[in-house]
Amino acid sequence: MNIKRLFPVICCVVLLVFAVALSGLYRKTPEVTEVEKPAVTTVKNESKPAQNEEMRGLWVTYMELNMAGSADKSEKAFREKFEAIAGKAEQHKFNTIIAQVRPFCDALYSSKYFPYSHILSGTQGENPGYDALKIMCEICKSHKLKIHAWINPYRVTLNETPNELADNNPYIKDESLCLETGSGIILDPSNEKARELILNGIEEIVSGYDVDGIQFDDYFYPDNIGELDSEQYAESQSTLSVEDWRKNNVNKLIAEAYLTAHKADKNVEFGISPQGNLKNNEKLSADVVNWCTVNGYVDYICPQIYFSPTNPKLTFEDSLNEWCGLEFAENVKLYVGLAGYKASSEADEGTWQSSSDILSQEYKVCKSNKKVSGIMLYSYASLADRGKSDEMNNLIKSFG
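Residues numbered from 1 in each chain as written. Predicted model: local features only at pLDDT ≥ 70, side-chain atom pairs only at ≥ 80, totals over all residues. Heavy atoms only, no water.

Participant: Teacher, can you tell me more about the overall build of the chain here?
Facilitator: Across its full length, the chain carries 14 helices and 10 strands. For the chain, the proportion of its 400 residues judged to be buried stands at 53%. A separation threshold of at least 6 residues defines the contact pool for the chain, and within that pool the share at least 24 residues apart is 76%. Summing over all exposed atoms, the chain offers an accessible surface of approximately 18,900 Å²; the carbon and sulfur share of this is 50%. (Helix = DSSP H or I, 4+ residues; strand = E, 2+ residues; numbered from the N terminus. Buried < 20%, exposed > 50% of the residue type's maximum accessible area, 1.4 Å probe, protein only. Contact = heavy atoms within 4.5 Å. Areas by Shrake-Rupley, 256 points an atom, 1.4 Å probe, with all protein chains shown as cover.)

Okay, here's the thing in structure tokens:
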């Protein structure tokens, strides 16, 4: 055989094999999705808790921080109130407080973008004379507690609360930023300026305060939205269905909120606490499956699995198994929200009255589940409720 004559052929074969191997190395499988995904970028948070460090969070609502009904609305009185909250959280072995600091497009801190909350003074826009978030950060650190700033991104009013808005409330300044729904007023998720306002508020908190995290709660598009945003949808000229268009509007905010928080402080965590019934989130245009399974949306997800173990409609374990059935992205942690407020109540068709260790049982289920990195309890008031004391004591004992 004439080797010289075959040499060009051999070279071509070798080059072809090399090209195929190289293309296989760099080929990416295209993602198929019903919703246009915004560009997302994973941020490595070097100071996140280790995977085996358990989250024991305690939600503190704006109602529990309320000073409006107090005769004494001073800074001293607020400090005493929050000192008691943090002290009880530490005593009961919680390690993180999730404090609601922006409930109605207002702020429990000094903000360039939002009016002071009526929660502090009784009147939205009135300066209470102190910065409540700064105080909460200081007190949490003194008790060796982490603090996540809990904000409701879209809500301006809900069922006529607050009943009067300040002159510098975003809705009063520019009604075009908002949608008026059957249950209240929200910032329009499709409005770019509204989204920018929310992101500016996140940057303001993370840059200006010693917080460990930012958390969104479970209010996105209201389920009674109807055709209120039909004009915006038509103007968008989107090729998506209106349902997927709404999802995409929310997804843009979530991805940008994640980046904004980490740009301001790479060590801060961004998380969301959606509804516990996985399917119900569809009604709110909350694309929770993507948030859990695609890097670049959240650092953690904490579904509110507020069901008893024997709830006839949906049990705690059935709901938890649905969430655990998702293929979580490597950098996304799963926490579980527990319903302290339902303890010993008639909720879930009276099934919370069957025993005084339901929360303890649910905590142990979470503890034994390798996909779960901790729990958050709703809310602080349940710790102080004498009617729930047996249930709370059993839960605290199970912390070890």
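Participant: Is there a simple way to explain the packing of helix α2 (residues 75-91) against helix α4 (residues 132-142) in this structure?
Facilitator: Packed helix pairs are specified by the crossing angle of their axes together with the interaxial distance, meaning the distance between the axes. Where α2 contacts α4, the two axes come as close as 10 Å, and the packing angle between them is 40°. By the angle between their axes, α2 is oblique relative to α4. Pair α2 / α4 crosses with right-handed handedness. Only A132, I135, M136, E138, I139 and C140 of α4 make contact with α2, whose side of the interface consists of E75, F78, R79, F82, E83 and A86. Along the lines of polarity and charge, the residues of the contact of α2 with α4 split into eight nonpolar, no polar and four charged. (Axes fitted to C-alpha atoms, helices over the stretch in contact; angles between N-to-C directions. Parallel < 35°, antiparallel > 145°, perpendicular 65-115°, else oblique. Left-handed = near helix turned anticlockwise from the far one by under 90°. Nonpolar A, V, L, I, M, F, W, Y, C, P; charged D, E, K, R; others polar.)

Participant: Sorry, what's going on with the layout of surface pockets here?
Facilitator: Empty space among the atoms becomes visible once a probe the size of a water molecule is rolled across them. Its volume calculated, the largest pocket comes out at about 590 Å³. Grouping the constituent residues of the lining of the largest pocket by class yields 16 nonpolar, 13 polar and four charged. Counted as a void, the second largest pocket has a volume near 310 Å³. Taken together, 21 residues form the lining of the second largest pocket, with N369, K370, K371, V372 and S373 sitting closest to its centre. Counting only elements with at least two residues in the lining of the second largest pocket, the list comes to β9 (333-339), α12 (358-368) and β10 (372-378). Along the lines of polarity and charge, the residues of the lining of the second largest pocket split into eight nonpolar, six polar and seven charged. (1 Å grid on protein atoms, 1.4 Å probe; cavity = no way out; pocket = protein on both sides within 12 Å on 5 of 7 lines; lining within 4 Å. Points joined across faces, edges and corners; volume = space filled by probe spheres on them.)

Participant: For this particular structure, what's the right way to read the sheet that holds strand β3 (residues 146-151)?
Facilitator: Either a parallel or an antiparallel arrangement is found when strands of a sheet pair, and the pairing is made through backbone hydrogen bonds. What the eight strands build is a closed barrel, ordered β1-β2-β3-β6-β7-β8-β9-β10; its pairing is parallel. Bridge analysis of strand β1 (residues 55-60) against β10 gives four bridges, and the strand direction is parallel. Looking at β10, one finds that G57 is bridged to M376. (Pairing = 2+ DSSP bridges.)

Participant: I would appreciate a short explanation of the environment of N281 in the present structure.
Facilitator: Its location among the elements puts N281 in the loop between β7 (269-272) and α9 (288-293). Between the C-alpha atoms of N281 and Y221, which are 60 residues apart in sequence, the distance is 9.8 Å. In contact with N281, other than residues within four places in its own chain, are P274, Q275, A286, V288 and W323. At a separation of 3.4 Å, a polar atom in the side chain of N281 contacts the main-chain carbonyl oxygen of L278. (Polar contact = N/O pair within 3.5 Å; in protein donor to acceptor, adjacent residues only side chain to side chain.)

Participant: Help me understand α2, please; the structure alone is not making it clear to me.
Facilitator: Because an α-helix completes one turn every 3.6 residues, residues spaced three or four positions apart along the sequence face the same direction. Its 17 residues place the ends of α2 24 Å apart at the C-alpha level, agreeing with the 24 Å of an ideal helix rising 1.5 Å per residue. Among all positions of α2, only A77, F78, F82, I85, A86 and A89 are buried. Relative to the axis of α2, the buried residues are bounded by an arc of 165° and lie together on one face. The exposed set on the far side of α2, more than 90 degrees from its buried face, consists of K76 and Q91. Buried residues along α2 sit in contact with β1, β2 (96-102), α3 (118-121), α4 and α13 (380-384). (Expected span 1.5 Å × (residues − 1). Arc of directions from axis to C-beta.)

Participant: What exactly am I supposed to notice about the environment of L179 here?
Facilitator: Relative to the elements of secondary structure, L179 occurs in strand β4 (residues 178-180). Taking the C-alpha atoms as reference, L179 lies 9.9 Å from Y154; in sequence the two are 25 residues apart.

Participant: What's the story with the pairing of β9 in this structure? I'm lost.
Facilitator: A large share of β9 lies buried, amounting to seven of its seven residues. Of the two faces of β9, the one lined by K333, Y335, G337 and A339 and the one lined by L334, V336 and L338 are each fully buried. Relative to β9, strand β8 (residues 300-301) runs parallel, the two sharing two bridges. Bridge assignment links I301 to a residue of β9, and that residue is L334. For the crossover that starts at β8, traverses helix α10 (residues 316-324) and ends in the parallel β9, the hand is right-handed. Bridge count between β9 and β10: five bridges; the pairing is parallel. Residue pairing in the sheet places L334 in a bridge with V372 of β10. (Right-handed = clockwise from strand over helix to strand, strands pointing away.)

Participant: Looking at this model, I keep getting lost on the packing of aromatic side chains. Mind explaining?
Facilitator: Any two aromatic rings considered together are summarised by their centre-to-centre distance and by the angle between their planes. One pass over the full model with this rule turns up 13 aromatic pairs. Both rings, one in F94 and one in F399, keep their centres 5.4 Å apart while their planes meet at 90°; by these two values the pair is edge-to-face. One end of the pair, F94, is in the loop between α2 and β2; the other, F399, is in the segment after α14 (389-398), and 305 residues separate them in sequence. When sorted by exposure, F94 lands in the same class as F399, which is buried. Geometrically, the ring pair formed by Y109 and Y209 is edge-to-face, given 5.8 Å between the ring centres and 65° between the ring planes. Residue Y109 is found in the loop between β2 and α3, and its partner Y209 is found in the loop between α6 (192-208) and β6 (213-216); the two are separated by 100 residues along the sequence. (Phe/Tyr/Trp six-rings, centres within 6.5 Å; stacked < 30°, edge-to-face > 60°.)

Taken by themselves, the reported measurements are silent on function.
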